[in-house]
Amino acid sequence: MADTSRTIAQALAAVDAEIADACREAGRARADVTLIAVSKTFGAEAIEAAIAAGQRVFGENRVQETKGKWPALREKHAGLELHLIGPLQSNKAKEAVALFDAIHSVDRTSLCEALAKEIARQGRRPLLFVEINTGAEEQKAGVLPEQADAFLAQCRDTYGLEIAGLMCIPPLDQAPAPHFALTAKIAARNGLKLLSMGMSADFATAIQFGATHVRVGSAIFGARH
Ligand SMILES: *Cc1c(COP(=O)(O)O)cnc(C)c1O
């Protein structure tokens, strides 16, 4: 356990230093970039090590896994912030609104409707990101770039949802920069301030293109099994 804790603390410090470097190079303030430590598949011991090292913002991709792992951690540690970064089924909107402080995967009207209902009912307001499928990949979630403006208008006008920003996951086999640039452009023309982009392999590039939230898993916790 001591070894795991030390490794995670060191990895976090290295990622943090790389974020600081990228901010400096981009002429941005370090405080404008939030590191989301993606703890999916990792247990409480690894998460405790990150918390002990000062990390407070975490990302998970499944409602079910989060329900099992996080209530106890939340009870033990004040000030934790939990982000849902994976796809969300409409029938899990109720649990997602209750569990998460941010949802990065808003991408269809049925989900908007379910989220709007739960936000009103629970009086909780998670930060909402619309996911953009910048590579127009068939198997991937997200709104197509050419449909983004209309979808964002619908979120606001039809469902009364306040969208804070955009999220993207570039195709694995392509350079990420054009996808980050496209996402930033769509956000800018729609007046959205937050950009969730960049993972272990490319968060420094994402910061160059304006990322405000980087989602980093394996660079902190190690390879997932
Ligand atoms: C797993 C995951 C990440 C983290 O990926 P790493 O390459 O391990 O940093 C980021 N974003 C999403 C949406 C993920 O599912």
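This write-up is about the structure you can find in this document. Computed from a prediction, not measured in an experiment: that's the story for all the values here. (Residues numbered from 1 in each chain as written. Predicted model: local features only at pLDDT ≥ 70, side-chain atom pairs only at ≥ 80, totals over all residues. Heavy atoms only, no water.)

Once that is clear, we can look at the state of the cysteines. Taken as a whole and judged by the stated rule, the model has 0 disulfides. Of all cysteine sulfurs, the one in C168 lies closest to C23, which takes part in no disulfide; the gap is 17 Å. Overall, the relative accessible area of 1% leaves C23 in the buried class. Lacking any disulfide linkage, C155 is separated from the closest cysteine sulfur, that of C112, by 3.7 Å. Here C155 falls in the buried class, since its relative accessible area comes to 1%. (Disulfide = S-S within 2.5 Å. Buried < 20%, exposed > 50% of the residue type's maximum accessible area, 1.4 Å probe, protein only.)

Below, the discussion takes up the nonpolar core. Judged by nonpolar contacts, the single largest core of 63 residues is most densely connected at F58 and V130. Membership of the second largest hydrophobic core comes to 5 residues, among which are A102, A164, M167 and L194. (Core = buried A, V, L, I, M, F, W, Y, C linked by side-chain atoms within 4.5 Å.)

What follows is about the side chain of S196. By the element assignment, S196 lies in strand 7 (residues 194-196). There is a polar contact of 2.8 Å between the side chain of S196 and the side chain of H104. Look past the residues within four positions of S196 in its chain and what remains in contact with it is H104, F129, L166, M167, C168, H213 and R215. (Helix = DSSP H or I, 4+ residues; strand = E, 2+ residues; numbered from the N terminus. Polar contact = N/O pair within 3.5 Å; in protein donor to acceptor, adjacent residues only side chain to side chain. Contact = heavy atoms within 4.5 Å.)

Our next topic: the site of the ligand. The full set of residues close to the ligand is K40, I85, M167, I169, M199, S200, R215, V216, G217, S218 and R224. In the environment of the ligand, an oxygen atom lies 2.7 Å from a nitrogen or oxygen atom belonging to the side chain of K40. With respect to the ligand, the side chain of S200 contributes an N or O atom lying 2.5 Å from an oxygen atom. (Near = heavy atom within 4 Å.)

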